[in-house]
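Fold and geometry: a report
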Amino acid sequence: KSSKREWKPLEEHSCTDVPWLLLFILFCIGMGFICGFSIATGAAARLLSGYDSYGNICGQKNVKVDGIVNSGLDLTHKKYVFFLDPCNIDLVHQRIKSLALCVSACPRKELKTLADIQKFAETNGSTLCSYELQPSEYTTDPRATKLCPKYPVPESAPIPFFHRCAPVNISCYAKFAEALITFVSDSSVLHRLISGVMTSKEIIMGLCLLSLVLSMILMVIIRYISRVLVWILTILVILGSLGGTGVLWWLYAKQRISASAVETQIAKDNLQALLIYAISATVFMVVLFLIMLIMRKRVALTIALFHVAGKVFIHLPLLVFQPFWTFFVLMLFWTYWITVLLFLGTTGNPVANEEGFVEFRMVGPLKYMWWYHVVGLIWISEFILACQQMTVAGAVVTYYFTREKRNLPFTPILASVNRLVCYHLGTVAKGSFIITLVKIPRMILMYIHTQLKGKENACARCMLKACICCLWCLEKCLTYLNQVRFSICKFYVRADNIHIFPECMPAINTVGDFMLFLGKVLIVCSTGLAGIMLLNYQRDYTIWVLPLIIVCLFAFLVAHCFLSIYEMVVDVLFLCFAIDTKYNDGSPGREFYMDKVLM
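None of these values were measured; they are calculated from a predicted model.

Turning our attention to the overall build of the chain. Scanning the chain for helices and strands turns up 17 helices and 8 strands. The buried share among the 599 residues of the chain stands at 45%. Residue pairs at least 24 apart in sequence account for 72% of intrachain contacts in the chain once pairs closer than 6 positions are excluded. By element, 68% of the accessible surface of the chain is carried by carbon and sulfur atoms, the whole surface being about 31100 Å².

Below, the structure is given as structure tokens:
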């Protein structure tokens, strides 16, 4: 009797890894303490209302800071932060290096002279020069060149909820963007890229919507024609790769002929981009064909798993919505995390810097709180993703090991969530912490590699990249083993009984994942091809390298969000199949649970 129950789903659950759950709860309490500390020290008010260079919070009465002139002012009617030189950005510390003041209103039109600034102050009651200057002195006092904004003063508007006057023309921040985009050595190239994105923004939004629609259509197709899906995907990807590569070479040849007549920088950039795209597409197509040729013999069981996965989605339609719930929870957590991080950036005690202005700095052990906060970002994000894996695994296991599908629970997804919350949160916390332990060293090495870029020798650079690559591989292996562990929690088998898998599991699992990867490639190729055809009409006045990259990246992310659930279902089904074949042989008393297609 005990041997029969080894492979059945757990009927009487018990809590797993309780110490890890307690550790995770204590860690979350620590995260809450950081948030409470930053709010209690006034960081929230400084972040939301803004503060000037003298430590005054805009829109309220302030307390005098010892040794700082112009501090302790009553700025009740001055609710917006205005930077005298908003385009003077410190690339090292990534902040605006300018005198900041609290003003009554942001300049909604460009002010070209001191007389215009004086007129704006007299008309709107908003003084844009330092507090010690009166509006009547703007054009007569020699100090106005240092204490008034650098003109022409760009048109600006307040940022919603944060009360900062920001220039309406974002080209002001091109220098900052140039520092982030390291491959751009010529600022004129960056300006053309930004203008290309701004000119094509309607096309970009439309193509992103197209990728979303295509992903949903593919999910519906997978659900109803999964038996022939593998061959359909294979044929479509072959045709799409051939067609996309052919179109790119055709456009390159066509534009090369026309470019000889029209010599413009934009035409040259587009021609070079087309050549790079065409070569990349050709290499990708050849590699794809070789992989498909190697894996063609492992397709039979993959087709059967896809067919059963289609039935799973028919019986468990709520599985389709799992990415939405997970994405929604992640967005809430990331919003909270970024908010607290901004709080930490403005918390601390007021200290005068070398220029005589006020900065807020934390001293002692408290200045390392942001490290704790970063670890929290990784651990809790992995915890949320692991909860989704455990929920999906529980629902699929329940489906597989229910002989009569009409006897399934009314909502297997909610039943799986209930089991997760009541019994297995400790296991999820433990698994996500293991991933965190691998991610942190990899992030540290990536940070060191970025900081030493151009300074280290070739050997050190090679070793750093090798370590980063090895940690990335280890992280992926542990992520997969975590998913297996979450599924095994549903069985009367121990996690060390990993020998239940047949020898063909890596190959079969790779084929299934590869077929779903082909689905992602199909969506990216379709969206990218539509983007090429649409953006081609703007080639004479718009450089569309960056818009096309943005569209393709978004299409891949959307396709991955949808198809990752299907990928997870196939993986769990194969695990169930492996356990079923290990402990059952189809004889009386040891009947298979599997679908007839799998038999």
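Across its 32 residues, helix H13 (residues 369–400) extends 46 Å between first and last C-alpha, which sits within 8% of the 46 Å expected from 1.5 Å per residue. By the criterion of burial, H13 is predominantly enclosed, with 26 of the 32 residues buried.

We now examine the confidence of the model for the chain. If pLDDT is low for a region, its predicted coordinates should not be looked at in detail. Across the chain, the average pLDDT comes to 76, with 78% of residues at or above 70. Here helix H1 (residues 2–5) stands out as the least confident element of the chain, with mean pLDDT 44; helix H2 (residues 18–40) is the most confident, with 90. In the model, residues 1–6 has pLDDT below 50 throughout and makes 7 contacts with residues more than four positions away in sequence or in other chains. In this model, residues 175–191 is a region of pLDDT below 50 whose contacts with residues beyond four sequence positions or in other chains number 19 contacts.

Now for the pairing of strand S8 (residues 358–361). Because side chains alternate across S8, one face comprises the buried residues Val-358 and Phe-360, and the other comprises Glu-359 and Arg-361, none of which is buried. Note: strand S7 (residues 349–352) against S8, 4 bridges, orientation antiparallel. Note on S8: the bridge partner recorded for Val-351 is Glu-359. With antiparallel pairing between neighbouring strands as the criterion, S7 and S8 make up a hairpin whose turn holds 5 residues, including Gly-356 at a positive phi of roughly 90°.

Buried within helix H4 (residues 114–124) are the following residues: Leu-114, Ile-117, Gln-118, Phe-120 and Ala-121. Buried residues of H4 fall within an arc of 160° about the axis and therefore sit on the same side. Turned more than 90 degrees off the buried face of H4, the exposed positions are Lys-119, Glu-122 and Thr-123. Those residues of H4 that are buried are in contact with helix H5 (144–147).

A word on a nonpolar patch on the surface. A surface patch of nonpolar side chains, about 710 Å² in accessible area, is lined by Leu-341, Tyr-368, Trp-370, Trp-371, Ile-444, Tyr-447 and Ile-448. Elements represented by at least two residues in the nonpolar patch include exactly H13 and helix H14 (412–451). In terms of residue count, the dominant contributor to the nonpolar patch is H14 (3 residues). Assessed through its relative accessible area of 32%, Leu-341 is described here as partly exposed.

Counting residues in each nonpolar core, the largest one holds 49 residues, and the members touching the most others are Val-312, Leu-319, Tyr-400, Tyr-566, Val-569, Leu-573 and Leu-598. At the level of elements, helix H8 (201–224), helix H9 (226–259), helix H10 (265–294), helix H11 (299–315), H13, helix H16 (505–535) and helix H17 (545–583) are the ones that each hand at least two residues to this core. With 14 residues, the top contributor of residues to this core is H17. Grouped together as the second largest cluster of nonpolar side chains are 32 residues, Phe-83, Ala-100, Cys-102 and Ala-144 included.

All right, on to the pattern of salt bridges then. Applying the stated criterion across every chain yields a total of 4 salt bridges. The salt bridge partner of Arg-143 is Asp-141, with a shortest N-O separation of 3.1 Å. Where Lys-439 meets Glu-382, a salt bridge forms, and the shortest distance between an N and an O atom there is 2.7 Å. Of this pair, Lys-439 sits in helix H14 while Glu-382 sits in helix H13, and the two are 57 residues apart along the sequence. You'll find Lys-439 and Glu-382 in the same group, each marked buried.

Any pair of aromatic rings gets described here by the distance separating the centres and the angle formed by the planes. The full count for this structure, using the stated rule, is 14 aromatic pairs. Clustering of aromatic rings is evident, with ring pairs tying together Trp-20, Phe-24, Phe-27, Tyr-372, Trp-379, Phe-383 and Phe-433.

This paragraph deals with the packing of helix H12 (residues 322–346) against H13. H13 packs onto H12 with a crossing angle of 175° between their chain directions and a minimal axis gap of 11 Å. Here H12 lies roughly antiparallel to H13, going by the angle between them. Its residues assigned to classes, the contact of H12 with H13 comprises 17 nonpolar, 7 polar and no charged.

The next thing to look at is the side chain of Arg-164. Residue placement: Arg-164 occurs in the loop between strand S5 (156–158) and strand S6 (165–167). Buried within the structure, Arg-164 lacks any salt-bridge partner; Asp-52 is the closest side chain of opposite charge, at an N-O distance of 11 Å. Not counting the four nearest positions on each side in its chain, Arg-164 is found in contact with Arg-46, Leu-47, Leu-48, Ser-49, Gly-50, Val-81, Phe-83, Ala-157, Pro-158 and Ile-159.

Relative to the helices and strands, Asp-571 is located in helix H17. Asp-571 gets classed as buried once you look at its relative accessible area, which sits at 7%. Sequence separation between Asp-571 and Leu-305 is 266 residues; the distance between their C-alpha atoms is 9.0 Å.

In this section: the state of the cysteines. In this structure the tally under the stated criterion is 3 disulfides. The side chain of Cys-58 participates in a disulfide bridge whose partner is Cys-102; the two sulfur atoms lie 1.9 Å from each other. A torsion of -80° about the S-S bond marks the disulfide between Cys-58 and Cys-102 as left-handed. Note that Cys-58 is positioned in the loop between helix H3 (43–49) and strand S1 (80–83) and Cys-102 in strand S4 (residues 100–103), a separation of 44 residues in sequence. For the residue pair Cys-58 and Cys-102, the accessibility class agrees, reading buried in each case. Between Cys-129 and Cys-148 runs a disulfide, and the two sulfur atoms are separated by 1.9 Å. Because the sign of the S-S torsion sets the handedness, a value of about 110° for the bond joining Cys-129 and Cys-148 places this disulfide among the right-handed ones. Of the two residues, Cys-129 sits in the loop between H4 and H5 while Cys-148 sits in the loop between H5 and S5, which places them 19 residues apart along the sequence. Of the residues examined, Cys-148 reaches a relative accessible area of 3% and is grouped as buried. Summary of cysteine pairing: Cys-422 is not part of a disulfide, and the nearest cysteine sulfur, belonging to Cys-15, is at 8.1 Å. When its relative accessible area of 40% is taken as the criterion, Cys-422 is described as partly exposed.

About the criteria used
Residues numbered from 1 in each chain as written. Predicted model: local features only at pLDDT ≥ 70, side-chain atom pairs only at ≥ 80, totals over all residues. Heavy atoms only, no water. Helix = DSSP H or I, 4+ residues; strand = E, 2+ residues; numbered from the N terminus. Buried < 20%, exposed > 50% of the residue type's maximum accessible area, 1.4 Å probe, protein only. Contact = heavy atoms within 4.5 Å. Areas by Shrake-Rupley, 256 points an atom, 1.4 Å probe, with all protein chains shown as cover. Expected span 1.5 Å × (residues − 1). pLDDT = per-residue confidence, 0-100. Pairing = 2+ DSSP bridges. Arc of directions from axis to C-beta. Patch = residues over 30% accessible without salt bridge, like charges linked within 9 Å, V, L, I, M, F, W, Y side chains within 5 Å. Salt bridge = Lys/Arg side-chain N within 4 Å of Asp/Glu carboxyl O. Core = buried A, V, L, I, M, F, W, Y, C linked by side-chain atoms within 4.5 Å. Phe/Tyr/Trp six-rings, centres within 6.5 Å; stacked < 30°, edge-to-face > 60°. Axes fitted to C-alpha atoms, helices over the stretch in contact; angles between N-to-C directions. Parallel < 35°, antiparallel > 145°, perpendicular 65-115°, else oblique. Nonpolar A, V, L, I, M, F, W, Y, C, P; charged D, E, K, R; others polar. Lys, Arg positive; Asp, Glu negative; His and termini not counted. Disulfide = S-S within 2.5 Å.

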